[in-house]
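# Survey of secondary and tertiary structure
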Amino acid sequence: MINGRELLWQRKPWLHGSQEGVGLMGASEAVAFHILQHFAGNKLPTAVTRDIDPLFQAAEARLSQEKEDSRIYHAWVDKIDSVDGSFTLIRPKLRPDIFQTVATATFFERELNVQYRVAYKGEQSDVPKTRKLWPLALVESTGVVYMVAQDPSRPPRPEKDETEWMRTLYRLDRIRSVSESGESFTYPEDFKLRKYIETQQVFDFLPEPPVRLELAFEGTSGNQLR
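All of these numbers come straight from a predicted model, not from anything done at the bench.

Calculation criteria
- Residues numbered from 1 in each chain as written.
- Predicted model: local features only at pLDDT ≥ 70, side-chain atom pairs only at ≥ 80, totals over all residues.
- Heavy atoms only, no water.
- Salt bridge = Lys/Arg side-chain N within 4 Å of Asp/Glu carboxyl O.
- Buried < 20%, exposed > 50% of the residue type's maximum accessible area, 1.4 Å probe, protein only.
- Phe/Tyr/Trp six-rings, centres within 6.5 Å; stacked < 30°, edge-to-face > 60°.
- Patch = residues over 30% accessible without salt bridge, like charges linked within 9 Å, V, L, I, M, F, W, Y side chains within 5 Å.
- Areas by Shrake-Rupley, 256 points an atom, 1.4 Å probe, with all protein chains shown as cover.
- Helix = DSSP H or I, 4+ residues; strand = E, 2+ residues; numbered from the N terminus.
- Contact = heavy atoms within 4.5 Å.
- Pairing = 2+ DSSP bridges.
- pLDDT = per-residue confidence, 0-100.
- Axes fitted to C-alpha atoms, helices over the stretch in contact; angles between N-to-C directions.
- Expected span 1.5 Å × (residues − 1).
- Arc of directions from axis to C-beta.
- Parallel < 35°, antiparallel > 145°, perpendicular 65-115°, else oblique.
- Left-handed = near helix turned anticlockwise from the far one by under 90°.
- Nonpolar A, V, L, I, M, F, W, Y, C, P; charged D, E, K, R; others polar.

## Thoughts on the pattern of salt bridges
For the coordinates displayed, the defined rule picks out five salt bridges. Notably, a salt bridge pairs R95 with D97, separated by 2.9 Å at the nearest N-O pair. On the accessibility criterion, R95 (42% relative accessible area) is partly exposed. For D173, the salt bridge goes to R171, with nearest N and O atoms at 2.7 Å.

## Side note on the packing of aromatic side chains
The final tally for this structure, using the stated rule, is eight aromatic pairs. Members of the aromatic cluster, connected to one another through ring pairs, are W134, W165, F185, Y187, F191 and Y196.

## As for a nonpolar patch on the surface
Together, L213, L215, F217 and L225 make up a nonpolar patch on the protein surface, roughly 450 Å² of accessible area in all. Its place among the elements puts L213 in the segment after α6 (193–200).

## Brief notes about the environment of P92
Here P92 is to be found in the loop between α4 (70–76) and α5 (96–108). Taking relative accessible area as the criterion, P92 reaches 34% and is therefore assigned partly exposed. It is 9.5 Å that separates the C-alpha atoms of P92 and L172, two residues lying 80 residues apart in sequence. Apart from the residues lying within four places of it in its own chain, the contact partners of P92 are V144, R171 and D173.

## Here we look at the pairing of strand β5 (residues 144–150)
The side chains of a regular strand alternate, first on one face of the sheet and then on the other. Among the seven residues that make up β5, seven are buried, leaving the element largely enclosed by the rest of the structure. Along β5, one buried face is formed by V144, Y146, V148 and Q150 and the opposite face, lined by V145, M147 and A149, is buried too. Both strand β4 (residues 130–141) and β5 contribute to a ladder of seven bridges, which runs antiparallel. In the sheet register, P135 faces β5, and the bridge partner there is A149. Joining the antiparallel neighbours β4 and β5 is a turn of two residues, in which T142 adopts a positive phi near 50 degrees. Relative to strand β6 (residues 167–171), β5 is paired through five bridges, and the arrangement is antiparallel. Counterpart to A149 in the pairing with β6 is T168.

## Observations concerning the confidence of the model for the protein chain
Close inspection of predicted coordinates is inappropriate for parts of the model with low pLDDT. Per-residue confidence for the protein chain averages 80 on the pLDDT scale, and 80% of its residues sit at or above 70. No element of the protein chain has a lower mean pLDDT than strand β1 (residues 2–3), which averages 52, and none a higher one than strand β3 (residues 110–116), which averages 96. Counted against residues more than four places away or in other chains, residues 9–14, with its pLDDT under 50, gives three contacts.

## Thoughts on the sheet that holds β5
In spatial order, the strands read β6-β5-β4-β3-β7; together these five strands make up an open sheet with antiparallel pairing. Every interior strand has two partners, whereas the edge strands, β6 and β7 (175–184), have only one. Ignoring which end each strand starts from, the neighbouring axes of this sheet average 45 degrees apart. Its contacts with the sheet put α5 on β3, β4, β5 and β7, and the angle it makes with β7 is roughly 30 degrees. Against the sheet, α6 makes contact with β4, β5 and β6, and its axis sits at roughly 85 degrees relative to β4, the strand it touches most.

## What to know about helix α2 (residues 27–40)
Compared with an ideal rise of 1.5 Å per residue, which puts 14 residues at 20 Å, α2 spans 20 Å between its outermost C-alpha atoms and is within 8% of the ideal. For α2, every residue scored as buried is listed here: A27, A30, V31, H34 and I35. Looking down the long axis of α2, one finds its buried residues gathered within 130 degrees of arc, a one-sided arrangement.

## Describing the packing of α2 against helix α3 (residues 46–63)
What describes two packed helices is the angle between their axes and the distance between those same axes. Running from N to C, α2 and α3 cross one another at 125 degrees; their axes reach a closest spacing of 8 Å. The angle between α2 and α3 falls in the class oblique. For the pair α2 and α3, the sense of crossing is left-handed. Residue-level inspection shows A27, A30, V31, F33, H34, L36 and Q37 of α2 in contact with α3, the latter providing L55, F56, A59, E60, R62 and L63. Considered class by class, the residues forming the contact of α2 with α3 number nine nonpolar, two polar and two charged.

Here it is, written out as structure tokens:
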């Protein structure tokens, strides 16, 4: 934009609204964004969904048009689903505000102030201690969301043969309160989420001595165990 002899720049969204995006989006792209919103929309931080929400709207508008290919593409999302192969668990409730705070801080690499209720201590009447943590990653396992975090106050201790920082899992539903500290952190170069999952085995059932367990069922209620 030119104003007299000065050249001015104005930042404008590349996509102003769903109607403009409809003309640019094909049916394959529309169904891809539609499925992304359906299956992963609640796993994205607000900072991301806010920017791509016009694409979700454009996808819905594109698939609702009276075009020859619209019906079969729009119907695809109703032809696929995901079912947990294990027994249905009563999963703990996760507060949306806590998830969004943690996800946003993880995305932007910002330090968190966290009050966490440890599982093995049972119900606690007193307020948990606030600790500063660096959120490194988020992992969902059997419907439960975990944060992999690093405590910046606990560096490796060479005198105890420690060469790496300790990274710990925190279940998001056990977080009592969380807020950003206002400080950013430098993401550790040595941390790789896939390597952490594979080497630490924090999500595996480790082998233990066998136990004898006897169960009694009425009628056909135990058929699923067959």
